[in-house]
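Spelled out from the first residue to the last, the chains are:
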Amino acid sequence: MTHPGDVGPQTGRNLDPWYTSYADRTAGLAASEVRALFAVASRPEVVSLAGGMPFVKALPEELIHSAFTTMMREHGSEALQYGGGQGIPEVREQILQVMSLEGINDASADDVVTTTGSQHALDLVSKLFLNPGDVVLAEAPSYVGALGTFKSYQADVAHVAIDDDGLIPEALEETIAHLRVEGRTIKFLYTVANYNNPAGVTMSLERRIRVLEICRREHILILEDNPYGLLYFDKPGLPALRSMDAENVIYLGSFSKILSPGLRVGWALAPHAIREKLILAVEASILSPSTFNQWVVTEYLRQSDWQQQIEGYRAVYRERRDAMDQALNEHLPQLSWTKPDGGFFVWVRLTEQLDSKQMLPRAVKELVAYTPGTAFFADGRGRHEMRLSFCYPTPERIKLGVRRLANVINGELDL
Ligand code: PMP
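This one's a predicted model, so the numbers in the text were calculated from it and none came from an experiment.

Here is what the cut-offs are and how they apply
- Residues numbered from 1 in each chain as written.
- Predicted model: local features only at pLDDT ≥ 70, side-chain atom pairs only at ≥ 80, totals over all residues.
- UniProt positions renumbered as here; feature names shortened; annotations may be inferred.
- Helix = DSSP H or I, 4+ residues; strand = E, 2+ residues; numbered from the N terminus.
- Near = placed C-beta within 6 Å.

This part covers the UniProt feature "domain: Aminotransferase class I/classII large" (unreviewed entry) in the protein. Residues given the UniProt feature "domain: Aminotransferase class I/classII large" (unreviewed entry) here are residues 70–404. Each end of residues 70–404 is marked by a C-alpha atom, and these two atoms are 47 Å apart; helix forms 43% of the span and strand 17%.

Okay, here's the thing in structure tokens:
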């Protein structure tokens, strides 16, 4: 089938007979750079420092098994049935305990909406707030999955500079002022304040207070995405932004990194009016999040020492962070990188001659993969930066991967 617009050689576009029918917003749907990488990087001979997969082998299998068995025995018929759009009350009660570890003590289970991972919550919040052409403020760099979601709603991202203490309040003020002069509509500030994906940095307490003040004054909502907050290595994390402002912050949490991403259970804690709209949006898109998986999480949290299990994850990731930091010191001392206090990622700053995107095929040939910095910017920046993940490979594989990476980088510099 052809269309009036079909000219020239066949392209993917005009091979699709429906291409004139798609909604305008699909123009924003593009495979992330990370997705294309996964296929290559998952070959066993490649050391992948690219993905962000939690090391679920560290989970005590018998605990999950026992939670599952109890759940089926005691709540089987509810677990196999539809549930409400807000999520089951039992898991929302448990979520309050998790959030109290982040300093959030004033929430009730009724303020929480369970979602299918926090990626779903990012989509729901975007659906509620973003018209085409609206602006989202976000750290430079920012989580690739959030950038993809904002783009799918045809919003523009204005990046705000960060340093080792996270988002820079003066840069935030300047960006807001600039956008207002241009007459742009700013809808919210998206931030991963703890152990940022991809930068690995954490927003300091002083800055949290300043950022909250600025956003309140400017009437800009904050979307605080906090999947890594409990995965600290050296000292307990800072209080969540939401713990200091219940009115102006939507808080997103997830069991993906502290338990298992396969369960797809996350949550949003939002001011009342927003929560109501979130529930309607859940119902309109998926009716209800998986009752089954929410019950598995509930039983797991009820019957296991889950804080101890998170401590197990911290120990695994701390050792891997150290392995990566040491290997970088040993093999690439001419570069600079972040040393995160938690989370999964190190952000490496390359020299001007190095282009992380261009260099990737060569790295994969040398059997190491990373994520080019360009994945984490909406505006094409990031060529001289890369993200290295230490969450999945063993310390030995991390060292091997960094050694291979150093060969590639040194080879490029010799050219
Ligand atoms: N936010 C951030 C910052 C992430 O790193 C991730 C996962 N990589 C997500 C959200 C999505 O997590 P999930 O949907 O599994 O909860």
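Next comes the rest of the account.
Inspection of the region around the ligand gives 14 residues, with Gly117, Ser118, Gln119, Ser254 and Ser256 positioned closest. Ranked by residues supplied to the shell around the ligand, first place goes to helix α5 (residues 117–129) with three residues.

This brings us to unusual backbone geometry. The step from Ala140 to Pro141 runs through a cis peptide bond, and the omega angle for that step is 5°. Looking at the secondary structure, you find Pro141 in the loop between β3 (135–140) and α6 (144–152). With an omega of 20°, the peptide bond running from Asn197 to Pro198 counts as cis. Tracing the backbone shows Pro198 in the loop between β6 (186–191) and α8 (205–217). We note that Arg264 has phi near 55°; this positive angle belongs to a residue other than glycine. Note on placement: Arg264 falls in the loop between β8 (249–254) and β9 (266–269). Positive phi, normally seen in glycine, also occurs at Leu367, with a value near 70°.

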